[in-house]
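The residues making up each chain are set out below.
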Amino acid sequence: MRRSTRATIISAALSWAVPVAASAPAPASPMERELLAFADRFDRAQLTKDRAALETMVADDLVFVEGSGRRSGKAAFILGWMGPDERYDPIVLVDRVVVPLGPDAGIVGAETILRGVSAGKPFSSHFRFADTFKRVRGRWQVVHIQVTRIPAPPNE
């Protein structure tokens, strides 16, 4: 996959590899803790290219708004993480936000810089994301993803 195409489909960050910024508030409720745990597993599945996990975690009717503004769905989102020659570095979430939308829905977002290697070349993608999760038939799924590109910092 071309590097520019791959970069547009990046949606989330990996919080288990590098600690979340200290400024992030602790989840206030059991539901928020459950939602964050699912969001962390979702992030991990993306960056470890766990297709089986993504197939169950992503709703069939996913709305995915890429960094370019283009709208796509589940198949394009999952395919974007599956490049055989791609490797992702651990990253840090900055300004992580949890917005509960009731007992069965919520948004988890943050800013991050994703780095790695694609087709043998290093890449870097700076963005803010918002993942909307909904409990469907008793289990969490991501139903909407919004990615906003941010210009690379001057030292990039």
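Residues numbered from 1 in each chain as written. Predicted model: local features only at pLDDT ≥ 70, side-chain atom pairs only at ≥ 80, totals over all residues. Heavy atoms only, no water.

A. Spotlight on the environment of alanine 45. Position of alanine 45 among the secondary structure elements: in helix α2 (residues 30-47). Here alanine 45 falls in the buried class, since its relative accessible area comes to 4%. In sequence terms alanine 45 and glutamate 55 are 10 residues apart; their C-alpha atoms lie 10.0 Å from each other. Those residues in contact with alanine 45 that sit more than four places away from it in its chain are Asp50, Ala53, Leu54 and Met57. (Helix = DSSP H or I, 4+ residues; strand = E, 2+ residues; numbered from the N terminus. Buried < 20%, exposed > 50% of the residue type's maximum accessible area, 1.4 Å probe, protein only. Contact = heavy atoms within 4.5 Å.)

B. Looking closely at unusual backbone geometry. The phi dihedral of aspartate 95 falls on the positive side, at around 55°, and the residue is not glycine. Of note in the backbone geometry, arginine 137 takes a positive phi value of approximately 50° without being a glycine. Tracing the backbone through its elements, the reader meets arginine 137 in the loop between β6 (121-136) and β7 (139-149). Owing to a relative accessible area of 76%, arginine 137 belongs among the exposed residues under this scheme.

C. Spatial organisation of α2. For α2, built from 18 residues, the straight-helix expectation of 26 Å at 1.5 Å per residue is met to within 8% by its first-to-last C-alpha distance of 26 Å. Buried residues of α2: Met31, Glu32, Leu35, Leu36, Phe38, Ala39, Asp40, Phe42, Asp43, Ala45, Gln46 and Leu47, and no others. Remark: lysine 49 follows α2 within two positions and exhibits a positive phi of approximately 60°. (Expected span 1.5 Å × (residues − 1).)

D. Quick peek at the nonpolar core. If you look at the biggest cluster of nonpolar residues, it comprises 32 residues, and the most contacted ones within it are Phe42, Phe77, Leu114, Phe133 and Ile145. Residues contacting phenylalanine 42, with those up to four places away along its chain left out, are Leu54, Met57, Val58, Phe77, Asp131, Phe133, Val142 and Ile145. (Core = buried A, V, L, I, M, F, W, Y, C linked by side-chain atoms within 4.5 Å.)

E. Spotlight on the pairing of strand β4 (residues 94-100). Inspection of the sheet shows β4 paired to strand β5 (residues 105-118) by five bridges, in the antiparallel sense. Considered in β5, the bridge of proline 100 is made with glycine 106. (Pairing = 2+ DSSP bridges.)

F. Quick peek at the pairing of β6. Looking at chain direction, β5 and β6 are connected through 14 bridges and run antiparallel. Opposite arginine 115, over in β6, you have serine 124 as the bridge partner. Relative to β7, β6 is paired through 10 bridges, and the arrangement is antiparallel. By the bridge assignment, phenylalanine 133 is partnered in β7 with valine 142.

G. Structural view of a nonpolar patch on the surface. A surface patch of nonpolar side chains, amounting to about 210 Å² of accessible area, comprises Val97, Val99 and Leu101. Along the chain, the position of valine 99 falls in strand β4. (Patch = residues over 30% accessible without salt bridge, like charges linked within 9 Å, V, L, I, M, F, W, Y side chains within 5 Å. Areas by Shrake-Rupley, 256 points an atom, 1.4 Å probe, with all protein chains shown as cover. Salt bridge = Lys/Arg side-chain N within 4 Å of Asp/Glu carboxyl O.)

H. Broad picture of the packing of aromatic side chains. Scanning the model with the defined rule gives eight aromatic pairs in all. When the centroid spacing of 5.2 Å and the interplanar angle of 80° are considered together, the rings of phenylalanine 64 and phenylalanine 77 count as edge-to-face. Here phenylalanine 64, found in strand β1 (residues 58-65), pairs with phenylalanine 77, found in helix α4 (residues 74-81); they are 13 residues apart in sequence, far enough to count as distant. Exposure remark for phenylalanine 64: the relative accessible area of 0% places this residue in the buried category. (Phe/Tyr/Trp six-rings, centres within 6.5 Å; stacked < 30°, edge-to-face > 60°.)

I. Here's a closer look at α4. All of the buried residues along α4 are Lys74, Phe77, Ile78, Gly80 and Trp81. Angular distribution of buried residues about the axis of α4 spans 155°; they occupy a single face of the element. More than 90 degrees from the buried face of α4, the exposed residues found are Ala75 and Leu79. (Arc of directions from axis to C-beta.)

J. Focus on the pattern of salt bridges. Within this structure, the stated rule accounts for nine salt bridges. Residue arginine 128 is joined to aspartate 95 by a salt bridge in which the shortest nitrogen-to-oxygen separation is 2.9 Å. You can see arginine 128 sitting in strand β6 and its partner aspartate 95 sitting in strand β4, a full 33 residues away along the chain. On the accessibility criterion, arginine 128 (26% relative accessible area) is partly exposed. Taking the shortest distance from any N to any O, the salt bridge between aspartate 104 and arginine 135 comes out at 2.6 Å. Of this pair, aspartate 104 sits in the loop between β4 and β5 while arginine 135 sits in strand β6; the two residues are 31 residues apart in sequence, bridging distant segments of the chain. Among the charged side chains, a network of salt bridges with common partners joins Glu34, Asp104 and Arg135.

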